[in-house]
Amino acid sequence: MQFSQRLLLKGKPIWEACLEHPFLKELSEGTLKEDKFCFYVKQDYVYLIDYIKLFALGMVKADSLEDIQAFAKCANAIVNIEMDAHTEYAKKFGITREELEATKPNASNLSYTKFMLQVSSEGSLAELVAALLPCMWSYAFIGKTLAKNSKALEHPLYSEWILTYATEEYNKENDWCIKLMDKLAEGLTERQLQKLEEIFIISSKYEYMFWDGCYKKESWVI
């Protein structure tokens, strides 16, 4: 069994729980209140700023030019394509660039990104990939699942979000990251693999917490 399949067995139940969370459940039915989705859009914007840094750290830790180029390609796609697309998409909900840039991460968001950055800064390249992969993989899983639901595609704005993560281009990046995880796991001890698995599970659980925090429009108590 490829190590990624082992991770999938651990991660898939968490991602399925995400699909059952009211945020994605209501989004799939086209009934999610727009104020909750707008809250998500803003939180996702500031999340991506830290997420980009993981790919930069990947370039630093990678040994081969091929891997450095792949990390650079992903970072460039987020910085120069996805962030601009995110800004344009936000405008459709009446959210300005200034509002996006003024957004502060809520507790779940901040905890998640700081976890990934700490793991990626202090750990190996394999640990970095284990930390960032659940975001890519779960979004591909969610996007492809929701894209099969005709009800989910009826909403004129939510459908655009769903189809973004169901595209072949997005899934190519995800597939690259999965294959890299398998390559980096080769020859590692069971103890090392268990550590990677633990990191992967924590990031997957943080994905659930992110959806939950956005649905509740979670903010700091004081």
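Our subject is the structure listed above.
Computed from a predicted structure; not experimentally measured.

Caption draft 1: Geometry of the packing of helix 3 (residues 34–61) against helix 10 (residues 190–215). For the pair helix 3 and helix 10, interaxial distance at closest approach is 8 Å and the crossing angle is 135 degrees. One way to sum up the angle between helix 3 and helix 10 is to call them oblique. Our pair here, helix 3 against helix 10, has a crossing hand that is right-handed. Across the interface between the two elements, Lys36, Phe39, Tyr40, Gln43, Asp44 and Tyr47 of helix 3 pack against Glu207, Phe210, Trp211, Gly213, Cys214 and Tyr215 of helix 10.

Caption draft 2: Local environment of unusual backbone geometry. Of note, the phi angle at lysine 217 is positive, near 50 degrees, even though the residue is not glycine. Mapped onto the fold, lysine 217 is located in the segment after helix 10.

Caption draft 3: Structural detail: helix 10. Look at helix 10: 38 Å from first C-alpha to last across 26 residues, which is about the 38 Å you get at 1.5 Å a residue. A positive backbone phi angle near 50 degrees is found at lysine 217, which sits one or two residues after helix 10.

Caption draft 4: How the structure looks around helix 9 (residues 168–185). Taking 1.5 Å per residue as the helical rise, helix 9 with its 18 residues ought to reach 26 Å, and the 26 Å between its terminal C-alpha atoms agrees with that figure. Lining the buried residues of helix 9 we find helix 1 (3–20), helix 3, helix 4 (65–91), helix 7 (125–147), helix 8 (158–164) and helix 10.

Caption draft 5: Representation of the packing of helix 1 against helix 10 in the model. Running from N to C, helix 1 and helix 10 point in directions that differ by 20 degrees, and their axes come no closer than 10 Å. By the angle between their axes, helix 1 is roughly parallel relative to helix 10. In this structure, helix 1 meets helix 10 at a crossing whose hand is right-handed. Of the residues in helix 10, those touching helix 1 at Phe3, Arg6, Leu7, Lys10, Gly11, Ile14, Trp15, Ala17 and Cys18 are Glu190, Leu193, Gln194, Leu196, Glu197, Phe200, Ile201, Ser204, Lys205, Glu207, Tyr208 and Trp211. Looking at the contact of helix 1 with helix 10 residue by residue, the classes come out as twelve nonpolar, three polar and six charged.

Caption draft 6: How the structure looks around the pattern of salt bridges. Tallied over the full model, the rule gives 17 salt bridges. The partner of lysine 217 in a salt bridge is aspartate 35, and the shortest N-O contact between them spans 3.0 Å. Here lysine 217 is found in the segment after helix 10, whereas its partner aspartate 35 is found in helix 3, with 182 residues between them in sequence. Note on aspartate 35: relative accessible area 38%, which makes it partly exposed. The salt bridge partner of lysine 195 is glutamate 127, with a shortest N-O separation of 3.4 Å. Remark: glutamate 127 occurs in helix 7 and lysine 195 occurs in helix 10; sequence separation between them is 68 residues. Here glutamate 127 falls in the buried class, since its relative accessible area comes to 13%. Look at the salt bridges and you will find they share partners, linking Arg6, Lys10, Glu190 and Glu197 into a network.

Caption draft 7: Fine view of the nonpolar core. Within the largest apolar cluster, 79 residues are counted, with the highest numbers of intra-cluster contacts made by Phe23, Phe37, Tyr40, Tyr51, Phe55, Phe71 and Trp161. The dominant element in this core, judged by the number of residues it contributes, is helix 7, at 16 residues. Not counting residues within four places of it along the chain, the set of residues in contact with tryptophan 161 comprises Leu24, Leu27, Phe37, Tyr40, Tyr89, Tyr139, Ile142, Leu146 and Trp211.

Reading the values: rules and limits
Residues numbered from 1 in each chain as written. Predicted model: local features only at pLDDT ≥ 70, side-chain atom pairs only at ≥ 80, totals over all residues. Heavy atoms only, no water. Axes fitted to C-alpha atoms, helices over the stretch in contact; angles between N-to-C directions. Helix = DSSP H or I, 4+ residues; strand = E, 2+ residues; numbered from the N terminus. Parallel < 35°, antiparallel > 145°, perpendicular 65-115°, else oblique. Left-handed = near helix turned anticlockwise from the far one by under 90°. Contact = heavy atoms within 4.5 Å. Expected span 1.5 Å × (residues − 1). Nonpolar A, V, L, I, M, F, W, Y, C, P; charged D, E, K, R; others polar. Salt bridge = Lys/Arg side-chain N within 4 Å of Asp/Glu carboxyl O. Buried < 20%, exposed > 50% of the residue type's maximum accessible area, 1.4 Å probe, protein only. Core = buried A, V, L, I, M, F, W, Y, C linked by side-chain atoms within 4.5 Å.

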